[in-house]
Amino acid sequence: MSSSTIVRTARRRTLRVAAAALIAAAGLSLTACSGSDTAGTKPAAAAESSSAGAQGSDAKVDTKAGVANKAASPSRTETLVDGSTAEIYELGDQHYLLKIVNDGDVLATLEANEHDAGLDANGMFVVMTLGGEVRSWMGGGHQGPGTFRLAGGWTAKVTKIGDLHYRAQILGFEGEVATIEANQQDTGLDANGGSIVLSAGGVISAHE
């Protein structure tokens, strides 16, 4: 084989190797660019999702904080007859919550939601009206069933309906004035300026 033929063959091989190298380099470059774009897109989407999630989370926390702050701030406080404190929270129209607090401890709660509510707190009787007015007194309780003369000139006919379930007919000079029922929880009534509590245990008491 002549020297010129050898040179031409070597050149062709060199060109083929160079072309292959260029194609491989181009492929690597495209792969690198594609990978770079993908990598760049994913963090952006993740960041957007994370940002949206954070905003939603903040909104929920702010809402809960608002409710918590409202619940943590009583509309007013009063001293009950036994010396404990009544914290009254206005939750809405004709909707009030009362917490009986002593030395920082919540002893009992009472909620009036569009109707009066009452509580027998170990011999201290408490009534909260649907307007948020609070009255408390000690003693004067009668254990039902039975018929009892109450403070204010009322007569109460207490009947047992079932376990922790009592009903009281409140009678005035002209017959029945109202009926209250304590079913698993105490109840109370504002009776023309007087107050009546009937407990789930059948104890009834009234106060002028």
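Read on for a plain summary of the structure. What you see is a predicted model; the values in this text were computed from it and never measured.

Quick look at the nonpolar core
- Counting residues in each nonpolar core, the largest one holds 16 residues, and the members touching the most others are Leu 150, Val 158, Ala 168, Ile 170, Ile 196, Leu 198 and Ile 204.
- Of all the secondary structure elements, the ones that give two or more residues to this core are strand E10 (155-162), strand E11 (165-172), strand E12 (175-183), strand E13 (187-191), strand E14 (194-198) and strand E15 (203-207).
- What Ala 168 contacts, discounting residues up to four positions off in sequence, is Lys 157, Val 158, Ala 178, Thr 179, Ile 180, Leu 198 and Ile 204.
- Core analysis: the next-biggest nonpolar cluster, separate from the first, contains 15 residues, Ala 86, Ala 112, Ala 117 and Met 128 among them.

With respect to the sheet that holds E12
- Reading across the sheet, the 4 strands line up as E9-E10-E11-E12 and stay open at both edges, with antiparallel pairing between neighbours. Every other strand in the sheet has two partners, leaving strand E9 (146-149) and E12 as the edge strands with one partner each. Within this sheet the neighbouring strands show an average axis-to-axis angle of 20 degrees, counted without direction.

Re the pattern of salt bridges
- Considering all chains together, one arrives at 4 salt bridges under this definition.
- Salt-bridge contacts for Glu 78 lead to Arg 76; the nearest nitrogen and oxygen are separated by 3.1 Å.
- Residue Glu 78 is classed as partly exposed on the basis of its relative accessible area, which comes to 27%.
- Residue classification places Arg 76 among the partly exposed residues on the basis of a relative accessible area of 30%.
- When salt bridges with common partners are traced through the structure, they connect Glu 133, Arg 135 and Asp 190 into a single cluster.

Cut-off values and rules
Residues numbered from 1 in each chain as written. Predicted model: local features only at pLDDT ≥ 70, side-chain atom pairs only at ≥ 80, totals over all residues. Heavy atoms only, no water. Core = buried A, V, L, I, M, F, W, Y, C linked by side-chain atoms within 4.5 Å. Buried < 20%, exposed > 50% of the residue type's maximum accessible area, 1.4 Å probe, protein only. Helix = DSSP H or I, 4+ residues; strand = E, 2+ residues; numbered from the N terminus. Contact = heavy atoms within 4.5 Å. Pairing = 2+ DSSP bridges. Axes fitted to C-alpha atoms, helices over the stretch in contact; angles between N-to-C directions. Salt bridge = Lys/Arg side-chain N within 4 Å of Asp/Glu carboxyl O.

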